[in-house]
Amino acid sequence: MTGKETILLVAAGLLGLTEPIWAGDIAEPGGYRMDEYRAPVPQTLQGAKVVTTAEAEALWREKKAVFFDVMPNTPKPANLPAGTIWRATIRKDIPGSTWLANVGYGALSEETANYFRQGLAAAAGPDKSRAILFYCMTNCWMSWNAAKRAIEWGYSSVIWYPPGADGWERANLPLEERKPYVISNRA
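Residues numbered from 1 in each chain as written. Predicted model: local features only at pLDDT ≥ 70, side-chain atom pairs only at ≥ 80, totals over all residues. Heavy atoms only, no water.

K.L.:
So what about the sheet that holds strand β2 (residues 66-69)? Which residues, and what values?
P.N.:
With parallel pairing, the 5 strands of this open sheet are ordered in space as β1-β6-β5-β2-β4. With partners counted over all chains shown, the strands left at the sheet margins are β1 (48-50) and β4 (98-99), one partner each. As paired strands, strand β5 (residues 132-135) and strand β6 (residues 158-160) are joined by 3 bridges and run parallel to one another. Each residue of the ladder has a partner; that of phenylalanine 134, found in β6, is tryptophan 160. (Pairing = 2+ DSSP bridges. Helix = DSSP H or I, 4+ residues; strand = E, 2+ residues; numbered from the N terminus.)

This is how it looks when you write it as structure tokens:
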């Protein structure tokens, strides 16, 4: 590679015109990632298809996959002192996605696992062969963990989009504000 090509490649990366560069060869762990969720991720997920921004955009435009954002959400603490100002984080994600907050941790409580299963079924339906795509942020293991868990639960068309919402935004694709999915308690 010439000096000019190197400079152009670096400039394109800084401007967000290229896909994120993975930090070397990160090996897939045998199980789930249990800590340090914002760190370089592998380029693969056994049993899943890994897609670029262009491929994710095509799936989105053609409505060929159900999109799931798994970014964590911090709810307002119940015991805030009177007069404390609380500002919830605004989440912007890929339009039409279902935000299944907090389902990407390595260990899930039974309650969170049930929330995850119900959210998957509500958005994707009962057909476990339907294409489902998971994302979070660039270098976020939450989406890797969530996609791995869906595979283990028998979903056969799992797609993982490692660049996440910020990769989508870098490509100047639309985002919209989203609130976390809430289970309906209707009888």
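Having put the structure on the table, let's press on.
K.L.:
Summarise the side chain of lysine 148; cite the residues concerned and give the values.
P.N.:
Inspection of the secondary structure puts lysine 148 in helix α4 (residues 141-152). The exposure class assigned to lysine 148 is buried, which follows from its relative accessible area of 14%. (Buried < 20%, exposed > 50% of the residue type's maximum accessible area, 1.4 Å probe, protein only.)

K.L.:
Before we move on, can you summarise the pairing of β5 with the specific residues and values?
P.N.:
Residues in a regular strand point their side chains to alternate faces of the sheet. With burial as the criterion, each face of β5 is covered, one bearing Ile132 and Phe134 and the other bearing Leu133 and Tyr135. As paired elements, β2 and β5 share 4 bridges and run parallel to each other. Residue pairing across strands places phenylalanine 68 opposite phenylalanine 134, the latter belonging to β5. Of the crossover connections in this fold, the one passing from β5 over α4 to the parallel β6 is right-handed. (Right-handed = clockwise from strand over helix to strand, strands pointing away.)

K.L.:
Outline unusual backbone geometry, supporting the account with residue identities and numerical values.
P.N.:
Here lysine 63, not a glycine, exhibits a phi torsion of approximately 50°, which is positive. With respect to the helices, strands and loops of the structure, lysine 63 is situated in the loop between α2 (53-61) and β2. Note on lysine 63: relative accessible area 72%, which makes it exposed. Residues other than glycine seldom take positive phi values, yet asparagine 102 does so here, at roughly 70°.

K.L.:
Describe the side chain of arginine 149, with residues and values.
P.N.:
Here arginine 149 shows up in helix α4. Within the local environment of arginine 149, its side chain forms a polar contact with the backbone oxygen of glycine 106, the two atoms lying 2.9 Å apart. Look past the residues within four positions of arginine 149 in its chain and what remains in contact with it is Tyr32, Val103, Tyr105, Gly106, Leu108 and Phe116. (Polar contact = N/O pair within 3.5 Å; in protein donor to acceptor, adjacent residues only side chain to side chain. Contact = heavy atoms within 4.5 Å.)

K.L.:
Before we move on, could you go through the pattern of salt bridges and cite the residues and values that matter?
P.N.:
Counted by the stated rule, this structure contains 7 salt bridges. Salt-bridge contacts for arginine 178 lead to aspartate 93; the nearest nitrogen and oxygen are separated by 3.3 Å. Of this pair, arginine 178 sits in strand β7 (residues 176-178) while aspartate 93 sits in strand β3 (residues 91-93), and the two are 85 residues apart along the sequence. Residue class for aspartate 93 comes out buried when judged on its relative accessible area of 0%. Of the charged contacts in the structure, one is a salt bridge between aspartate 166 and arginine 170, with a shortest N-O distance of 3.8 Å. Remark: arginine 170 and aspartate 166 occur in helix α5 (residues 164-170); sequence separation between them is 4 residues, near one turn of the helix. Owing to a relative accessible area of 31%, arginine 170 belongs among the partly exposed residues under this scheme. Among the ionic contacts, a cluster of salt bridges with common partners joins Asp93, Glu176 and Arg178. (Salt bridge = Lys/Arg side-chain N within 4 Å of Asp/Glu carboxyl O.)

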